[in-house]
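Architecture and fold: a report
Now for the letters of each chain:
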Amino acid sequence: MSAIALKPVVVLVSGRGSNLQALLERADVEHWQTSLGATIAAVVSSRASAAALDVARSQSIPVHVVAPEEFSSRAAFDAALATAIEPYAPELIVLAGFMRLLTPAFVRRFAGRLINIHPSLLPSFPGLATHRRALEAGVRVHGATVHFVSDQVDAGPIIAQAAVAVHADDDEASLAERVLQQEHRLLPRAVRQVLEGRVRYVDRRAVFKDIAQGELSLLAT
């Protein structure tokens, strides 16, 4: 009897890899294979020095580096990125701290298979410096969002969110740390729901199946 083919997942990174580590810890290799029928097939980084590559190597996951400074344009970079990804025929591509804007052509190429985690409660504070901007705006609730990637920055259909209260004595570092803790809980759960087919990308919308209200939302004090 032939083995059942596992769904390949490719993770894109640029930094320390804490969300990649969370994926591996909260959905370990055995769990990925036996429960989800999936495997992290490769990790691709935009930086050769990214600590996330060491996280991947420690689990014998193939790694690739596609450095933007080696290309003359965003389009050329994205073409090389696609070339690194496509041999794995991924079921899902997870942007886990991937600090590059993707071109519309790249997003169309992998439409419905790209998800990203962003450190704010979208649609509030897309882009960079989210924690500083949240503090400056005086919001009382901040958090993280997992969403399908669209051709607009941090504007794709929302899959899941996790909220944290903003404390009166918070600074950027303390708020960022609490949000990151929730990212580490949220991303593995959202990835699992997508791989199970309980959240799908249909006509540029996130369509949910058999998910109770609040199942993918967290509130932390």
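In short, a report on the structure. (Residues numbered from 1 in each chain as written. Predicted model: local features only at pLDDT ≥ 70, side-chain atom pairs only at ≥ 80, totals over all residues. Heavy atoms only, no water.)

Considering the layout of surface pockets
- Of the voids in this model, the largest pocket is the one considered here, and its volume is about 910 Å³.
- As for the largest pocket, its lining consists of 40 residues, and the residues nearest its centre are Gly97, Phe98, Met99, Ile117 and Pro119.
- In terms of residue count, helix H7 (residues 172–195) provides more of the lining of the largest pocket than any other element does, 5 residues in total.
- Each residue belonging to the lining of the largest pocket can be placed in one class, and the counts come to 18 nonpolar, 14 polar and 8 charged.
- The volume enclosed by the second largest pocket comes to roughly 190 Å³.
- Every residue along the wall of the second largest pocket is listed here: Val107, Arg108, Ala111, Ser150, Asp151, Tyr201 and Arg204.
- Taken together, the residues of the lining of the second largest pocket break down into 3 nonpolar, 1 polar and 3 charged. (1 Å grid on protein atoms, 1.4 Å probe; cavity = no way out; pocket = protein on both sides within 12 Å on 5 of 7 lines; lining within 4 Å. Points joined across faces, edges and corners; volume = space filled by probe spheres on them. Helix = DSSP H or I, 4+ residues; strand = E, 2+ residues; numbered from the N terminus. Nonpolar A, V, L, I, M, F, W, Y, C, P; charged D, E, K, R; others polar.)

Topic: unusual backbone geometry
- For the bond running from Leu122 to Pro123, omega is 15°, close enough to zero to count as cis.
- Mapping Pro123 onto the fold places it in the loop between strand E5 (114–118) and helix H6 (130–137).
- Positive phi values are uncommon outside glycine, yet Phe125 reaches one of about 55°.
- Structurally, the position occupied by Phe125 is in the loop between E5 and H6.
- A residue is classified by how much of its surface remains accessible, and Phe125, at 15% relative accessible area, is buried.
- Even without being a glycine, Asp154 presents a positive backbone phi close to 50°.
- Mapped onto the elements, Asp154 comes out in the loop between strand E6 (141–148) and strand E7 (158–165).
- Under the relative-accessibility criterion, Asp154 is labelled buried at 17%. (Buried < 20%, exposed > 50% of the residue type's maximum accessible area, 1.4 Å probe, protein only.)

As for the environment of Gly17
- Position of Gly17 relative to the elements: it lies in the loop between strand E1 (7–13) and helix H1 (18–26).
- The buried category is assigned to Gly17, whose relative accessible area is 8%.
- Taking C-alpha positions, Gly17 is 9.6 Å from Phe98, a pair spaced 81 residues apart along the chain.
- Other than its neighbours up to four places away in sequence, Gly17 contacts Ala52 and Val55. (Contact = heavy atoms within 4.5 Å.)

Observations concerning the pairing of strand E8 (residues 199–202)
- Summarising the sheet, E8 and strand E9 (residues 205–208) pair through 4 bridges and their orientation is antiparallel. The partner of Val199 across the bridge, within E9, is Phe208.
- In sequence, E8 turns back onto E9 through a hairpin of 2 residues, with Asp203 there showing a positive phi of about 50°. (Pairing = 2+ DSSP bridges.)

What to know about the packing of aromatic side chains
- Tallying each qualifying case throughout the model produces 3 aromatic pairs.
- Aromatic pair Phe106 and Phe110: ring centres 4.9 Å apart, planes at 50°, arrangement tilted. The two residues Phe106 and Phe110 agree in class, both being buried.
- Of note, Arg100 hangs over the ring of Phe77, and the distance from its end group to the ring centre comes to 5.2 Å. (Phe/Tyr/Trp six-rings, centres within 6.5 Å; stacked < 30°, edge-to-face > 60°. Lys NZ or Arg CZ within 6 Å of the ring centre and 35° of its normal.)

Remember, this is a structural readout, not a statement about activity or role.
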